[in-house]
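Now for the letters of each chain:
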Amino acid sequence: MSPSIRTLELFHLPTMVFKDVGARFNAQCLGYFSRSNKSKVIALVATSVDTGGAVANVFLGLDVVKVVILYPSGKVSDKQKRQLTTLGQNSTTLEVNGMLDDCQA
């Protein structure tokens, strides 16, 4: 391999999805700017499939940010549901009777 080529194997990240990278950056920025403004933030997220687990994980433990995650009933796997619902702390997950569009509404 050339020394100028680097790779990032995303399956080593906490929820094993590429969204861990972008979501972590956004969560850390939100936490940083909220902390510097001495304000608390509630992030409301509508998700389907793997995004929600990544979001729940990256916000975990950020003391100035609480995340509320909405996901459509019956549209996530058992593993994804566990990723969404078992972290606690500053994360609240709500199952919505409907589709992703209903969560976003």
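This text follows the structure it describes.
Just so we're clear, the structure is a prediction, and the values are computed from it rather than from any experiment. Numbering of residues begins from 1 in every chain and follows the order in which that chain's sequence is written. Predicted model: local features are reported for residues with pLDDT of at least 70 only, side-chain atom pairs are reported and counted for 80 or more only, and whole-chain, interface and lining totals are derived from all residues. Side-chain numbers here rest on the full set of heavy atoms in the structure, without hydrogens or water.

### Focus on unusual backbone geometry
One non-glycine residue, Gln89, adopts positive backbone phi at about 50°. The secondary structure listing takes helices from DSSP runs of H or I that are at least 4 residues long and strands from runs of E that are at least 2 residues long, numbered from the N terminus. Residue position: Gln89 is located in the loop between α3 (78-85) and β3 (91-96). Looking at Gln89, the relative accessible area reads 64%, which means it is exposed. Classification of residues uses two cut-offs on accessible area relative to the type maximum, computed with a 1.4 Å probe and protein chains only: under 20% is buried, over 50% is exposed, and between them is partly exposed.

### Notes on the side chain of Asn90
Position of Asn90 among the secondary structure elements: in the loop between α3 and β3. Polar contacts, as counted here, are pairs of nitrogen or oxygen atoms within 3.5 Å of one another; within protein the pair requires one atom able to donate a hydrogen and one able to accept it, and residues that are adjacent in sequence qualify only if both atoms are side-chain atoms. In this structure the side chain of Asn90 is engaged in a polar contact, spanning 3.0 Å, whose partner is the backbone nitrogen of Gly61. When checking whether two residues touch, look at their non-hydrogen atoms; a contact exists if any pair is within 4.5 Å. Residues within four places of Asn90 in sequence aside, it is in contact with Phe59, Leu60, Gly61, Leu62, Val65, Lys66 and Val67.

### Comments concerning the environment of Ser48
Position of Ser48 among the secondary structure elements: in the loop between β1 (41-46) and α2 (50-59). Under the relative-accessibility criterion, Ser48 is labelled partly exposed at 25%. The spatial distance from the C-alpha of Ser48 to the C-alpha of Met99 is 8.7 Å, given a sequence separation of 51 residues. Other than its neighbours up to four places away in sequence, Ser48 contacts Pro72 and Leu100.

### Quick word on the pairing of strand β2 (residues 65-72)
The buried count for β2 comes to 7 of 8 residues, which makes it a mostly enclosed element. The pairing of β1 with β2 spans 6 bridges and is classified as parallel. Note that in β2 the partner of Leu44 across the bridge is Val68. Of the pairings in the sheet, the one linking β2 to β3 comprises 6 bridges and is parallel in character. Counterpart to Pro72 in the pairing with β3 is Val96. You can see the chain leave β2, run along α3 and come back into β3, and the turn it takes is right-handed. Each pair of strands is called paired provided DSSP finds at least two bridges between the two strands. Seen with the strands pointing away from the viewer, any crossover whose path from the first strand over the helix to the second strand runs clockwise is right-handed.

### Notes on the side chain of Ser91
Summarising the element assignment, Ser91 is placed in strand β3. Here Ser91 is in contact with Ala56, Val67 and Ile69, once residues within four sequence places are set aside.

### Here we look at the sheet that holds β1
In space, the 3 strands of this open sheet follow the order β1-β2-β3, with parallel pairing throughout. One side of each edge strand has no neighbouring strand; the edge strands of this open sheet are β1 and β3. This sheet shows a mean twist of 15° between the axes of neighbouring strands, independent of strand direction. Each axis is a line fitted through C-alpha atoms, taken for helices only over the stretch in contact, and angles between the N-to-C directions span 0 to 180 degrees.

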